[in-house]
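The primary structure of each chain is shown beneath.
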Amino acid sequence: MKGPERERRGIPLRAVVPNAVTALALCSGLTGIRFAIAGEWELAVAAIIIAAVLDGMDGRIARMLNGQSRFGAELDSLSDVIAFGVSPAVILHLWVLKEWPRLGWLFALAYAVCMALRLARFNARIDSDDQPHKSAGFLTGVPAPAGAGLLLLPLYLWLASGREWTWLQDYRLVAPWAAVCAFLAISSLATYSWTSFRLRRNVRLEAIVVIALVGGALISAPWETLSVAAILYAITIPFSAFGYARVRRQRAAARAAARSEAQPLG
């Protein structure tokens, strides 16, 4: 009996694998800071991108292996705070914001704190049944990986220009952009959740071709591709907000119609 009992008390491998991927994402985000300290900006950004890829994989691996756990959810949030909150903020500070004595650090700090608050809000609501954005297929605010991607947009553009667009290295431009990204992280704006999209059967092949082309573009022209992707995502935010407002109006009309039908006649 001792053998089976000891085996049952052990941690199954299916619970370890997704948590290991999450830990790798955390390590990749921290490594981005190491490259930024050395002035290796391409590698610093690449480390954040790798962290985002790993962050997108861990949840899917956990569901595939049936290895979801509360511990994994908490570790994922901790990893997101570091990889997409602290690390991008430090990278941006080392790149430009340090040129603004005292105040530059405050903008980097504000972004990191707002990202931590966003993830704390997410954890507080994780078991709540009242999540109108989620029930409609939207997210609340800009998710952590996308927020990091938006924050680093000036750095993408600078690298895409061959480091020739020196006007992007102006803290008077980067600091307000960091403030905007911080606001988007903690805002209640409805943003698109890519997991809620469903492709029609007749466009699946076209979607595969597009994904392949984007992958090729990331390899051959990474900074231009990342710049375009970040700009396009920023453009979708007003559309997602208007889309959710339309869903709210439709739900309100449906509830009003249901109440009127439920009222007794006469």
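Residues numbered from 1 in each chain as written. Predicted model: local features only at pLDDT ≥ 70, side-chain atom pairs only at ≥ 80, totals over all residues. Heavy atoms only, no water.

Some words on the pattern of salt bridges
For clarity, the cut-off: Take a side-chain nitrogen of Lys or Arg and a carboxyl oxygen of Asp or Glu: if they are within 4 Å of each other, that pair is a salt bridge. Categorising residues by exposure relies on relative accessible area from a 1.4 Å probe, with only protein chains included: less than 20% of the type maximum marks a residue as buried, more than 50% marks it as exposed, and the intermediate range marks it as partly exposed.
Considering all chains together, one arrives at 3 salt bridges under this definition. Between Glu-40 and Arg-34 there is a salt bridge, with its nearest N and O atoms 3.8 Å apart. Since its relative accessible area comes to 31%, Glu-40 is described here as partly exposed.

Some remarks on the nonpolar core
Counted only if it meets this: To define a nonpolar core, start from buried Ala, Val, Leu, Ile, Met, Phe, Trp, Tyr and Cys residues and group those joined through side-chain atoms within 4.5 Å. A run of H or I in DSSP becomes a helix once it reaches four residues, and a run of E becomes a strand once it reaches two; helices and strands are each numbered from the N terminus. Here, two residues are considered to be in contact whenever any of their heavy atoms come within 4.5 Å of each other.
Among the nonpolar cores identified, the biggest contains 46 residues, and Trp-41, Ile-91, Leu-92, Trp-95, Tyr-111, Leu-150 and Leu-155 are the most heavily contacted of them. Every element with two or more residues in this core is listed here: helix H2 (13-37), helix H3 (41-64), helix H4 (70-95), helix H5 (103-125), helix H7 (144-151), helix H8 (153-160), helix H9 (171-186) and helix H11 (222-262). The contact partners of Leu-150, leaving out residues within four places of it in the chain, are Val-142, Trp-177, Cys-181, Leu-184, Ala-230, Tyr-233, Ala-234 and Ile-237.

Thoughts on the packing of aromatic side chains
Two aromatic rings, taken as a pair, are described by how far apart their centres are and by the angle between their planes. The line we're drawing: Only centres within 6.5 Å qualify two rings of Phe, Tyr or Trp (six-membered ring in Trp) as a pair; their planes then separate them into stacked at under 30 degrees, edge-to-face at over 60, and tilted for everything else.
Overall, the coordinates contain 4 aromatic pairs when judged by the stated rule. Relative to Phe-107, the ring of Trp-100 has its centre 5.5 Å away and its plane inclined at 25°; by these criteria the two rings are stacked. Using a relative accessible area of 24% as the deciding quantity, one classes Phe-107 as partly exposed. Residues Trp-100 and Tyr-171 carry aromatic rings whose centres are separated by 5.0 Å and whose planes lie at 25° to one another, so their mutual orientation is stacked. Placement of Trp-100 in the loop between H4 and H5 and of Tyr-171 in helix H9 is noted, with a sequence separation of 71 residues between them. Note on Trp-100: relative accessible area 23%, which makes it partly exposed. Judged by relative accessible area, Tyr-171 falls into the partly exposed class, the value being 25%. Feature note: the residues Trp-100, Phe-107 and Tyr-171 constitute an aromatic cluster, connected by ring pairs.

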